[in-house]
Structure formats: C-alpha cells, structure tokens
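# Structural description and commentary
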Amino acid sequence: MNIQWYPGHMTKAKRAMKEDIRLIDLIIELVDARVPLASRNPDIDELGKGKARLILLNKSDMASEQQNEAWMSWFRKQGFHVVKINARTGAGLKQINAVVQEACREKIERDRRRGIINRPVRAMVVGIPNVGKSTFINSFAGKACTKTGNKPGVTKGNQWIRLNKSLELLDTPGILWPRFEDQQVGLLLAFIGSINDEILNREELAVELLRFLRKYYPETLKERYPDDGKDDLGSRGEDGALTELERIARLRGCLMKGGEPDISRAALLVIDDFRSGKLGRITLEFPPEER
Ligand code: G4P
C-alpha cells in the first residue's frame, strides 16, 4: 500500500464521497478489529449524518475475542449496528443481511407508508486502505451477484451490485484516509502494517510493540520468546524493550558476524511475528471507557 494523501487529494476524495453518500441509505464501514478507532476516518460521522450505519469489525480473527466483544458493545452504545467478520474466510457474513434490515428499519417503514414496497436498501462500503474492503465485497457479493446498469445520478463508472432482493451495493468501495496526523494513530497503523514502516524506523517500531505487549500481553511475550533464565523480564523498567530486542536477537540466533545481536533483524522478526499472527490474537486498542 502506498497511498499518499495530500490536502487537495483529500478534499477531492471527500467531495466525491459526499456525492456518493447522497445516493445511499446505509454506510457499511469496515474497521480493523485490532485497532477499531485508529482505523476509522475522522470525518465519516459528519459525512454520514442521517444515514443508517453499520460497522464491520473486520480481521476479527486476528484480534482478541474478549476485546472483539468489548468493542462490539462499545460501538452499539454509540448507536452503530455492528457485525464481527473475517472477510477472508467469510465468517460472520451471514448475519449481515438481517442486521442491514434492522439498521434500515425506519427507512423501510417510511417507504412502506408511502406505498413503496421491496425497494432494496442501497449501501456503500467505506474504510481506510488495507482494512479489507475489496476482500469483503468479493466474499459478500460472491459470484452470485449481478451488476445492474448505470443509473442516473451515479458517478460515471459506478455501478450497483444487486446482492439480493433487499440489498444493493455501490460496486466501488469508498477509500477514506486515517487520522494520520495523530502520532499514536500512526503508530498503531504502522504496527498492523497499514502505513509505510518509514513513519518510524523498524527498531523503534519493534521497541514500541514490545513495550505494549509487555504491558498488556506479558504471557504471550513470554511464550513466544521464552526466558532462558539469565534474564529477568519482569524486573525490567519501562525502557527494557531495547534490551529485550537484544535478548530476542540472541534467542533466535539473529547475530552479526562478530556474534553481536542483530537488532535490525530481531526487530523485523518481532514485527513479522505480530503481523502474521504468530503471537496470537492481539488487540492494540481498548474501548475508551474500559481502561
Ligand atoms: P482494501 O480493499 O481495504 O485496501 O483491503 P484488501 O481487501 O485488499 O485487504 C487487505 C489485506 O487484508 C489482504 O491481505 C486481505 O487478504 C487481508 N484481509 C482482509 N480481510 C481479512 C480478515 O478478515 N482477516 C485476515 N486475517 N485478513 C484479512 P494481503 O496479504 O494484502 O493480500 P492477500 O495475500 O490476502 O491477497
């Protein structure tokens, strides 16, 4: 992924999204279950005012199950409908249709009162890059879908995918920009590999990740990088993470020619262990009221 957002680009994207949103009843917003807030766009609530809202907690297979539940109830408290999914395997997708109907109940009722029956709900999928929009559309729409022709008012090139009698999707997902100007958000997005690793150098990134894991997932850390007894993980202060990277380098045989620990390789290994799920299911952000 290598999208650069410039102010002009963002203004244009925002304008285009505003146009598209006028055509729909429901916004289906994908967030990454590991970082459900950092992976949201700052303007989407404003842009989506008056529309029904559905949040899909995607990549839920990579996040802690307990935290997935906590996030679902948090989002519900904020007035969103929520479904936890894995767009890759299709887990959770079956629930979506019923939740869409529930989310759009008012609109369906309004239509009915006006004598409009069975008009499909029109929805649009939005999310920041890499959150899984294309994977979701492919698995959700599948092969069964039929593309309807261009309709008046739809941005040229945009088409609707008719999913079933009651739901149509705009066939191009809306790409939103993250709150990248926020350092903490940038860090979280860098952990999951959603933005260029150059935001921080690799070692700093690994050090920050280890610091977080030591605080919230100490057991996971001990399990993956077992202590050889020479080193007391528990007694380290806040700044023990770099030393820890050295320890991991030795543990995993990441050594330079002279036998010195290769910190850079160890950093890559830790980041890769996290991103590939080898460290297990880890959520990096907690619902605001929980902690
Ligand atoms: P985008 O359109 O929003 O930019 O995202 P896209 O669908 O391209 O997905 C980005 C990456 O996230 C892809 O991996 C995709 O397979 C993965 N992904 C999407 N949903 C899920 C999910 O629920 N769980 C997991 N574990 N992964 C998910 P990739 O490595 O970039 O591509 P590929 O190797 O899968 O083709």
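Numbering of residues begins from 1 in every chain and follows the order in which that chain's sequence is written. With pLDDT at 70 or above as the cut-off, local features in this predicted model cover only qualifying residues; side-chain atom pairs require 80 or more to be listed or tallied, and sums for whole chains, interfaces and linings still use all residues. Only heavy atoms go into the side-chain values, all of them from the structure, while hydrogens and water stay out.

### So, the site of the ligand
In these notes, residues near a molecule or strand are those with any non-hydrogen atom within 4 Å of it. In the vicinity of the ligand, 15 residues are found, and the nearest of them are Asp61, Asn130, Lys133, Ser134 and Thr135. Within the contact set of the ligand, a nitrogen atom lies 2.8 Å away from a side-chain nitrogen or oxygen of Asp61. In the analysis that follows, any N or O atom pair within 3.5 Å is treated as a polar contact, provided that within protein one partner can donate a hydrogen and the other can accept it, and provided that, for residues neighboring in sequence, both atoms belong to side chains. Between an oxygen atom of the ligand and a side-chain N or O atom of Thr135, the distance comes to 2.5 Å. Coverage of the ligand by the protein amounts to 64% of the 710 Å² it exposes when considered alone. When residues of the shell around the ligand are assigned to their parent elements, the largest contribution, 3 residues, is made by helix H6 (residues 133–141). Residues are grouped as follows: Ala, Val, Leu, Ile, Met, Phe, Trp, Tyr, Cys and Pro are nonpolar; Asp, Glu, Lys and Arg are charged; all remaining types, including Gly, are polar. Class assignment for the residues of the shell around the ligand results in 5 nonpolar, 6 polar and 4 charged. To measure how exposed things are, a 1.4 Å probe is used in the Shrake-Rupley method; for residues, cover is taken only from the protein chains shown. Labels follow the DSSP assignment, with helices taken as runs of H or I lasting at least four residues and strands as runs of E lasting at least two, numbered in each case from the N terminus.

### Describing the confidence of the model for the protein
Confidence scores per residue from the predictor, reported as pLDDT, run from 0 to 100. Looking at the protein as a whole, its pLDDT mean stands at 88, while 85% of the residues score no less than 70. Predicted confidence for residues 232–236 stays below pLDDT 50, and this span has 10 contacts to residues more than four positions away or in other chains. Two residues qualify as a contact provided that any one of their heavy atoms is within 4.5 Å of a heavy atom in the partner residue.

### Things to note about the packing of helix H7 (residues 183–191) against helix H8 (residues 202–216)
Interhelical geometry of H7 versus H8 gives an angle of 95 degrees and a closest axis separation of 10 Å. Between H7 and H8, the interaxial angle falls into the category roughly perpendicular. Facing H7, whose interface residues are Leu187, Ala190 and Phe191, H8 presents Leu205, Glu208 and Leu209. Residues belonging to the contact of H7 with H8 are distributed by class as follows: 5 nonpolar, no polar and 1 charged. For every element, the axis is a line fit to its C-alpha atoms; helices are fit only across the contacting stretch, and the angle between N-to-C directions ranges from 0 to 180 degrees. What sets the label is the angle itself: under 35 degrees gives roughly parallel, over 145 gives roughly antiparallel, 65 to 115 gives roughly perpendicular, and the rest give oblique.

### A word on helix H4 (residues 96–103)
We call a residue buried when its accessible area falls under 20% of the maximum for its residue type, exposed when it is over 50%, and partly exposed in between, using a 1.4 Å probe and counting protein chains only. Buried within H4 we find Ile96, Val99, Val100 and Ala103. When H4 is viewed along its axis, its buried side chains cluster within an angular range of 105 degrees and face the same direction. Working note: the arc is built from the helix axis to C-beta atom directions.

### Details of the nonpolar core
Core analysis: the largest hydrophobic core is formed by 74 residues, its most contacted members being Leu26, Ile96, Phe136 and Leu284. Tallying contributions element by element places H8 first for this core, with 7 residues. Not counting the four nearest positions on each side in its chain, Leu284 is found in contact with Arg34, Val35, Leu188, Phe191, Ile192, Leu209, Phe212 and Phe274. We define a nonpolar core as any set of buried Ala, Val, Leu, Ile, Met, Phe, Trp, Tyr and Cys residues linked to one another through side-chain atoms lying within 4.5 Å. Grouped together as the second largest cluster of nonpolar side chains are 12 residues, Ile55, Ala63, Met72 and Val82 included.

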